[in-house]
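Listed below, chain by chain, are the residues.
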Amino acid sequence: MKFDMISVVGFPRIGENRELKKWVESYLDKKLSKEQLIQNSKELKKKHWQIQKEHGIDLIPSNDFSFYDTFLDHAMLVNAIPAGYKNLGKEELDTYFALAKGYQTQNLDLKALPMKKWFFTNYHYIVPEITSDTEFKLSSTKPFDEFEEALSIGIKTKPVIIGALTFLKLAKKIDVSIYEKAFWVNLLSVYIQILDRFKTLGAEFIQIDEPVLVTDLTQADIELFDNFYRQLLSQKGNLKIILQTYFGDIRDIYEKLFTLDFDAIGLDFVDGKYNLELIKKFGYPRGKLLIAGIVNGRNVFKNSYKESLEILNTLSNYVDKKDIVISTSCSLMFVPYSLKFETQLDSSKKKYLAFAEEKLKELNELNILFNDKNYTQNSSYIYNTQLFEEMKANKFSDINTVVNNLRDDDFERKPCFEERIKIQKDVLKLPKLPTTTIGSFPQTPDVRKARSELKNGRITFEEYDKFIKQKIENVIKLQEEIGLDVLVHGEYERNDMVEFFGENLEGFIITKNGWVQSYGTRCVKPPIIFSDIKRKRPITVEYIKYAQSLTAKPVKGILTGPVTILNWSFVREDIPLKDVAFQLALAIKEEVLDLEKEGVKIIQIDEAALIEKLPLRKAYHKDYLDWAIKAFKLTCSKVKPETQIHTHMCYSNFDDLLDEIARMDVDVITFEAAKSDFTILDSIKKSNLKSEVGPGVFDVHSPRIVPKEEMKDLILKMIEKIGLDRLWINPDCGLKTRKEEEAFPTLHNMVLAAWEVRNNL
Ligand SMILES: Nc1nc2c(c(=O)[nH]1)N[C@@H](CNc1ccc(C(=O)N[C@@H](CCC(=O)N[C@@H](CCC(=O)N[C@@H](CCC(=O)O)C(=O)O)C(=O)O)C(=O)O)cc1)CN2
Ligand SMILES: [Zn+2]
């Protein structure tokens, strides 16, 4: 075995120019053949393996590629797919896309499997369903095919497989206990077959990903893990098994791992600083490799060689140096592909950044330094430490003054909710069950084209502005025709709800090509928070004012909240998140007050990502929520009582956080409810939340046209649970990803449903 090894946990799969996204979308639009899609993807994978090889990576991952989502790939691999999909009579790839996107024909209506956030990232995985009828069996050749594809160009990869505990815990369980041996032994036999196949193919290392090990574990989880792996590892033969963890520390199971026959353990020393303490406290077993995750797979800033070498040197007091493998902290799929496309980015900023490709270089340099006794004399080390000194010198300047001068009443809105809502009802005079939308309307190809032409200088700003105003005019007319009560301007001017604010606030770096996958074929280009945040000028006022000038109905102003901007941006690691959040909040507050001044009566401050960076362990929740909620409150504490403040959160997996959400003290909150079977409604009733609520009555991620009766039933059910007086009727998120012909009929049905219920009161 080679010493001084370097490992990559996973590599971005979308391609340097989002090729994969474009191919898959073309395939789904029937504009690209299956053969072509597969052929193109093979070339892409090869390119990615080759790049890693050129950068000297020893443990190069395979099976980290996916046409849509690796969790769904895994569900297909072990045959954990709902019965309805099995008999579609389709080829594997088409069944796969049907699971991801739903499948509708004249007489068949299969819903897409739901998506969930992948830990605290902005990636979303597909949630498989397992029931007592699930028959685990090896059902796909994808991981083996990819291993062979790489072999054919002379690269022996390290296949990546999702671990059993992570799979079972993150799947949706229906009428089944994953902890019963009779259930999981069937899955075990599939994993044994997977290992057997890889043995036959000549694999050396297999990486088994178990990120759930960094969450709070129960005794039952630990026992399941122990039993499962004890048996699996007894069958591993000559294969070397890497247990890969990431996103935190593994305090609940660390010592237990010593007794299991893993050949290597992958630990995250970026998000899991406590892993180092565990090693200091309990040591590390002899003879096992330690995959030391020190290059951050979740952020775009350069690695601090000084800090990393300190960690590595400490580790070498407990682990044989030859057993330490330098690695990324998690997959690199959470950062953009390469800086080489950022030709317009000032070198004074670019020099602080490292995307996936540059991180490969960092791994290499770190490896050289770690094996060099005089590394402090090495030029790459000297350059890197200088950079970080410079960075330290340009800390956010205003932060301490502004943030320290905030007083308690900067965060509190007056008068209390009960008084405000009365005043608002008098001013707004909305009917019962008011109907509205979440903000964005379909981002049709003409909108994207206009923006791209503006960016390329093919049209002037005046032409673009005229185009956007025309879109606004159309959407106002449409909403009036449909009969919605509270209108919106449609968000046509925004490429993305976060990037748009990044472009218009001072302090951000906007990249040209810094795309990362958010789910399936959808990508985001997170802005980078680099220096003090300030609002240069009003951002949204003109278009919202314009929309309001076209109608007598209230137009709701839509803004993105500070915590969501923070959580969906890349943020410097040397400044407390809380301080950045407060700076963002003060900028958004200026916008809120300007909208109010211009006569906007309802303002929605989206906090879609409010709890995204909620620490994985409960013990740390409070601290995060305290500052996150304060940042939100800072944006709207100074508005008049008659101004109605809404917020929107797209996920409702906050059942046990409702008392915290109540502290946001908003007038109206809209959120997703239908996909989680409305359990949240019961929780709302039991919680301190006083706000009016709009639990979305349809799923915006499905192209399906929802029948009126279906939504009517939902509305009746919601009235029963939550009462009539505080209920709003709306979709569960923005409509930007839908086509007009999908969104408009459903909206129309939604309004009709609300009217029918209203008229029968
Ligand atoms: N940041 C963020 N995170 C989020 C969400 C969100 O809305 N924003 N929503 C949730 C779900 N995630 C989502 C993430 C992305 C998209 C999405 O629609 N993304 C678009 C890109 C949006 C965008 O930035 N568009 C730009 C650039 C579009 C583009 O590709 N332009 C073409 C040119 C187009 C032309 O000339 O016709 C090109 O560059 O090649 C624009 O509108 O200006 C996509 O992948 O297709 C939707 C939901 C959770 N996380
Ligand atoms: Zn949403």
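Residues numbered from 1 in each chain as written. Chains lettered and ligands numbered in written order. Predicted model: local features only at pLDDT ≥ 70, side-chain atom pairs only at ≥ 80, totals over all residues. Heavy atoms only, no water.

Q: So what's going on with the confidence of the model for the protein? Which residues, and what values?
A: With 98% of its residues at a pLDDT of 70 or more, the protein has an overall mean of 95. For this predicted complex, the interface confidence comes out at an ipTM of 0.98, alongside a pTM of 0.97. (pLDDT = per-residue confidence, 0-100.)

Q: Hey, could you go over the UniProt feature "binding site: L-methionine" (unreviewed entry) in the protein for me, with residue numbers and the actual values?
A: Per the UniProt entry, the sites bearing "binding site: L-methionine" (unreviewed entry) are Ile-438, Gly-439, Ser-440, Glu-491 and Asp-606 in this numbering. On the basis of their most widely separated C-alpha atoms, the annotated residues across 169 residues gather in one place, lying no more than 12.7 Å apart. Considering the arrangement of structural elements, one finds Gly-439 in the loop between helix H17 (417-428) and helix H18 (445-455). In this structure Gly-439 comes out as buried when scored by relative accessible area, which is 0%. The contacts of Gly-439, once residues within four sequence positions are left out, are Val-488, Gly-490, Glu-491 and Ile-558. Of note, Asp-606 is situated in strand E21 (residues 602-606). (UniProt positions renumbered as here; feature names shortened; annotations may be inferred. Helix = DSSP H or I, 4+ residues; strand = E, 2+ residues; numbered from the N terminus. Buried < 20%, exposed > 50% of the residue type's maximum accessible area, 1.4 Å probe, protein only. Contact = heavy atoms within 4.5 Å.)

Q: Please provide a residue-by-residue account of helix H1 (residues 19-28), values included.
A: Within the sequence span of H1, burial applies to Glu-19, Leu-20, Lys-21, Trp-23, Val-24 and Tyr-27. Each element contacted by the buried residues of H1 is listed here: helix H2 (34-54), helix H5 (92-101) and strand E17 (522-524).

Q: Could you give an account of the site of ligand 1, naming the residues involved and the relevant values?
A: Around ligand 1 lies a shell of 23 residues, among which Lys-21, Arg-451, Asp-496, Cys-523 and Lys-736 are the nearest. Arg-522 places a side-chain nitrogen or oxygen 3.0 Å from an oxygen atom of ligand 1. Side-chain polar atom of Lys-736 to an oxygen atom of ligand 1: 2.4 Å apart, as the coordinates give it. Protein contacts shield 81% of the accessible area of ligand 1, which totals 990 Å² for the unbound molecule. Breaking the shell around ligand 1 down by element, the ones donating at least two residues are H18, strand E16 (516-519) and E17. In terms of residue count, the dominant contributor to the shell around ligand 1 is H18 (four residues). Of the residues assigned to the shell around ligand 1, the class counts are seven nonpolar, eight polar and eight charged. Lining the shell around ligand 1 are residues from two domains, each supplying at least three of them: domain 1 (6-393) and domain 2 (398-760). (Near = heavy atom within 4 Å. Polar contact = N/O pair within 3.5 Å; in protein donor to acceptor, adjacent residues only side chain to side chain. Areas by Shrake-Rupley, 256 points an atom, 1.4 Å probe, with all protein chains shown as cover. Nonpolar A, V, L, I, M, F, W, Y, C, P; charged D, E, K, R; others polar. Domains from an automatic or database assignment.)

Q: Provide a residue-level description of the domain arrangement of the protein, including the pertinent values.
A: Domain annotation of the protein identifies domain 1 (6-393) and domain 2 (398-760). Facing 50 residues of domain 1, the contacting portion of domain 2 comprises 35 residues. Counting the surface lost from both domain 1 and domain 2, the interface buries some 4000 Å², and carbon and sulfur atoms represent 56% of this. Among the residues of domain 1 in contact with domain 2, Phe-120, Asn-122 and Phe-301 are the three that bury the most area, contributing 14% of the side total. Linking domain 1 with domain 2 are five salt bridges, by the criterion used here. Residue assignment for the side of domain 1 that touches domain 2 shows that the elements contributing at least two residues are H1 and strand E5 (115-117). In terms of residues, the side of domain 1 that touches domain 2 owes the most to one element, H1, which gives three residues. Each residue belonging to the side of domain 1 that touches domain 2 can be placed in one class, and the counts come to 23 nonpolar, ten polar and 17 charged. (Buried area = accessible area lost by both parts, 1.4 Å probe. Salt bridge = Lys/Arg side-chain N within 4 Å of Asp/Glu carboxyl O.)

Q: Provide a residue-level description of the sheet that holds strand E8 (residues 158-162), including the pertinent values.
A: Pairing is parallel in the open sheet, where eight strands are placed in the order E1-E14-E13-E12-E11-E10-E8-E2. Looking at strand neighbours, the two that pair on one side only are strand E1 (6-7) and strand E2 (61-62), the edges of this open sheet. In this sheet, strand E14 (residues 324-328) lies alongside E1 in parallel orientation, the contact comprising two bridges. Within the sheet, the bridge partner assigned to Ser-7 lies in E14 and is Ser-327. (Pairing = 2+ DSSP bridges.)

Q: Provide a residue-level description of the UniProt feature "active site" (unreviewed entry) in the protein, including the pertinent values.
A: UniProt feature "active site" (unreviewed entry): in the numbering of this structure it lies at His-701. The exposure class assigned to His-701 is partly exposed, which follows from its relative accessible area of 31%.

Q: Any details on the packing of aromatic side chains? Residues and values, ideally.
A: Taken as a whole and judged by the stated rule, the model has 32 aromatic pairs. What links up through ring pairs into an aromatic cluster is the set Phe-71, Trp-118, Phe-119, Phe-120, Tyr-125, Phe-167, Tyr-246, Phe-247 and Phe-334. The residue whose ring lies beneath Lys-321 is Phe-370, and the NZ or CZ to ring-centre distance is 4.5 Å. When the ring centre of Tyr-546 is taken as reference, the NZ or CZ atom of Lys-469 above it lies at 5.6 Å. (Phe/Tyr/Trp six-rings, centres within 6.5 Å; stacked < 30°, edge-to-face > 60°. Lys NZ or Arg CZ within 6 Å of the ring centre and 35° of its normal.)

Q: Can you lay out the packing of helix H3 (residues 70-77) against H5 for me, pointing to particular residues and giving the numbers?
A: Axes are the key here: two packed helices are described by the angle between their axes and the distance separating the axes. The geometry of H3 relative to H5 is characterised by a closest axis approach of 11 Å and an angle of 125° between their N-to-C directions. On the basis of the axis angle, H3 is oblique to H5. Crossing of H3 over H5 shows right-handed handedness. Contacts from Leu-72, Asp-73 and Met-76 of H3 reach H5 at Glu-92, Tyr-96, Leu-99 and Ala-100. (Axes fitted to C-alpha atoms, helices over the stretch in contact; angles between N-to-C directions. Parallel < 35°, antiparallel > 145°, perpendicular 65-115°, else oblique. Left-handed = near helix turned anticlockwise from the far one by under 90°.)

Q: Residues and numbers for the sheet that holds strand E15 (residues 505-509), please.
A: One open sheet accounts for three strands, arranged E15-E18-E20; its pairing is mixed. On the outer flanks of this sheet lie E15 and strand E20 (570-571), each paired with one strand and no other. Two strands pair when backbone bridges link them, and E15 and strand E18 (residues 528-535) are joined in this way by four bridges, in the antiparallel orientation. Its bridge partner lying in E18, Ile-509 is registered against Ile-528. This element, helix H23 (residues 577-597), spans E15, E18 and E20 of the sheet and lies at about 35° to E18.

Q: Can you tell me about the environment of Ser-189, naming the residues and giving the values?
A: Counting through the fold element by element, Ser-189 comes out in helix H8 (residues 181-201). For the pair Ser-189 and Leu-232, spaced 43 residues apart in sequence, the C-alpha separation works out to 8.4 Å.

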